[in-house]
Amino acid sequence: MQKQLLSDMLTSSKVKYKPAILVAIIIIFFGSVCIVIQLFPTRLGNIVVDYFAFAAGILLISDALYKLRTEPEKPWSYQLVRLCRLIIGVCIFTIHALQFIYKV
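Model, not experiment: these values are computed from the prediction.

## Let's talk about the side chain of R82
- Within the secondary structure, R82 is located in helix α4 (residues 76-102).
- Those residues in contact with R82 that lie beyond four places of it in its chain are A64, K67, L68, E71 and K74.

Listed below in structure tokens is the structure:
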């Protein structure tokens, strides 16, 4: 059933940009692999990863706090997921801050 739906989607006339999407995915994949191979053995690679982790941690923390504050009437299951997002963001930020400080 799923194979039939997938083949219908791919052969549908609504999907006009299949080759362009596949080429973009291939370029992004191979470009990222080349960057990772060249960047990670250096000290700059570690610093870049730490900065991106800082940004991701801050994004998770700020998003969770904003959602918890603006939508307190949501059910507890939503609030629990947001609380987990907050905890994960704090952990990511703390781990990479310590790695950056102690240069581990």
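## With respect to a nonpolar patch on the surface
- A cluster of nonpolar side chains, namely W76, L80, L83 and I87, defines an oily patch on the protein surface of about 450 Å² accessible area.
- Tracing the sequence through the fold places L83 in helix α4.
- The exposure class of L83 is partly exposed, given its relative accessible area of 39%.

## Details of α4
- For α4, which comprises 27 residues, the first-to-last C-alpha distance of 38 Å matches the rise-based estimate of 39 Å (1.5 Å per residue) to within 8%.
- The secondary structure elements touched by the buried residues of α4 are α3 (43-70).

## Concerning the packing of aromatic side chains
- The tally for this structure, following the rule as stated, stands at three aromatic pairs.
- Between F54 and F93, the ring centres sit 5.4 Å apart and the planes meet at 50°, which makes this aromatic pair tilted. Linking F54 in helix α3 with F93 in helix α4, this pair joins segments that are 39 residues apart in sequence.
- Of the residues examined, F54 reaches a relative accessible area of 15% and is grouped as buried.
- Taken together, the ring pairs connect Y51, F54 and F93 into an aromatic cluster.

## Things to note about the environment of I95
- Structurally, I95 can be placed in helix α4.
- Given the relative accessible area of 48%, I95 is considered partly exposed.
- Along the sequence, I95 and G57 sit 38 residues apart, while their C-alpha atoms lie 9.9 Å from each other.

## As for the pattern of salt bridges
- In the structure shown here, the tally under the stated rule is two salt bridges.
- A salt bridge links R85 to D63; its shortest N-O distance comes to 2.5 Å. Pair noted here: R85 is in helix α4 and D63 is in helix α3, with a separation of 22 residues, a long-range link.
- For R82, the salt bridge goes to E71, with nearest N and O atoms at 2.8 Å. Taken together, the residues span a long stretch of sequence, with R82 in helix α4 and E71 in the loop between α3 and α4 at a distance of eleven residues.

## So, the packing of α3 against α4
- Closest axis-to-axis distance for the α3/α4 pair is 8 Å, and the angle between their directions is 155°. Classified by the interaxial angle, the pair formed by α3 and α4 is roughly antiparallel. The chirality of how α3 crosses α4 is left-handed.
- Considered class by class, the residues forming the contact of α3 with α4 number 18 nonpolar, five polar and five charged.

## Some details on α3
- Between its first and last C-alpha atoms α3 spans 41 Å; for 28 residues at 1.5 Å apiece the expected length is 40 Å, and the two agree.
- Inspection of α3 places G45, D50, A53, F54, G57, I61 and A64 among the buried residues, and these make up the whole buried set.

Cut-offs used in this document
Residues numbered from 1 in each chain as written. Predicted model: local features only at pLDDT ≥ 70, side-chain atom pairs only at ≥ 80, totals over all residues. Heavy atoms only, no water. Helix = DSSP H or I, 4+ residues; strand = E, 2+ residues; numbered from the N terminus. Contact = heavy atoms within 4.5 Å. Patch = residues over 30% accessible without salt bridge, like charges linked within 9 Å, V, L, I, M, F, W, Y side chains within 5 Å. Areas by Shrake-Rupley, 256 points an atom, 1.4 Å probe, with all protein chains shown as cover. Salt bridge = Lys/Arg side-chain N within 4 Å of Asp/Glu carboxyl O. Buried < 20%, exposed > 50% of the residue type's maximum accessible area, 1.4 Å probe, protein only. Expected span 1.5 Å × (residues − 1). Phe/Tyr/Trp six-rings, centres within 6.5 Å; stacked < 30°, edge-to-face > 60°. Axes fitted to C-alpha atoms, helices over the stretch in contact; angles between N-to-C directions. Parallel < 35°, antiparallel > 145°, perpendicular 65-115°, else oblique. Left-handed = near helix turned anticlockwise from the far one by under 90°. Nonpolar A, V, L, I, M, F, W, Y, C, P; charged D, E, K, R; others polar.

This is a description of form; function is not addressed.
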